[in-house]
Amino acid sequence: MNHGIKTVLHPVADLGKAKAVYAALLETEPSADSEWYVGFDVAGQHIGLVPGGGPQGLTGPTAYWHVDDIEAKLAEVTAAGGAVKEQPHDVGGGRLVASFTDTDGNVLGLVQDK
């Protein structure tokens, strides 16, 4: 089952400056705040700031669809013409993330919570 876009990650050059801008925009302080990631939870969505694009190699904002079965969804999108960019992996607490490209090279993400 697809639960919709609930997470959007943004690559940033200066995490401190970006954190201030997003805190002002979202009118809240970060729910996660470290040197490698800053995240905000607002209105049922998670907005993340990733310095330098992080290990995902983000080059622009990436929307992450939340799904029940990340492996099954990757199989479906690749059978339809997508290509896996980042294999599913645990980012902590049992949360799995992966990414793929559509037929035009746009990067899309998937999240599966335990």
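Conventions and cut-offs
- Residues numbered from 1 in each chain as written.
- Predicted model: local features only at pLDDT ≥ 70, side-chain atom pairs only at ≥ 80, totals over all residues.
- Heavy atoms only, no water.
- Core = buried A, V, L, I, M, F, W, Y, C linked by side-chain atoms within 4.5 Å.
- Buried < 20%, exposed > 50% of the residue type's maximum accessible area, 1.4 Å probe, protein only.
- Helix = DSSP H or I, 4+ residues; strand = E, 2+ residues; numbered from the N terminus.
- Contact = heavy atoms within 4.5 Å.
- Pairing = 2+ DSSP bridges.
- Salt bridge = Lys/Arg side-chain N within 4 Å of Asp/Glu carboxyl O.

- The name recorded for the protein chain in an unreviewed UniProt entry is Glyoxalase, from Paractinoplanes tereljensis.

Some remarks on the nonpolar core
Inference 1: Membership of the largest hydrophobic core is limited to 11 residues, which are Val8, Val12, Leu15, Ala18, Tyr22, Ala23, Leu26, Val38, Phe40, Ile47 and Leu49.
Inference 2: For this core, the secondary-structure elements that each account for two or more residues are strand E1 (2–12), helix H1 (15–26), strand E3 (38–42) and strand E4 (45–51).
Inference 3: If near-sequence neighbours (up to four positions away) are discounted, Val8 is found in contact with His46, Ile47, Gly48, Pro61, Thr62 and Ala63.
Inference 4: Residues Ile70, Val77, Ala98 and Phe100 belong to the second largest nonpolar core, which totals 8 residues.

Overview of the sheet that holds strand E5 (residues 62–67)
Inference 1: Spatially, the 8 strands line up as an open sheet ordered E2-E3-E4-E1-E5-E8-E7-E6, and their pairing is mixed. Edge positions in the sheet fall to strand E2 (32–33) and strand E6 (83–90), since each has one partner strand and no second.
Inference 2: In this sheet, E4 lies alongside E1 in parallel orientation, the contact comprising 6 bridges. Each residue of the ladder has a partner; that of Thr7, found in E4, is His46.

A look at the pattern of salt bridges
Inference 1: Tallied over the entire structure, the rule returns 3 salt bridges.
Inference 2: Among the ionic pairs, Lys19 bridges to Asp33, the shortest N-O distance being 2.9 Å. Here Asp33 lies in strand E2 and Lys19 lies in helix H1, a separation of 14 residues in the sequence.
Inference 3: The residue Asp113 makes a salt bridge to Arg95 at a minimum N-O spacing of 2.6 Å. Linking Asp113 in the segment after strand E8 (107–112) with Arg95 in the loop between E6 and strand E7 (96–101), this pair joins segments that are 18 residues apart in sequence.

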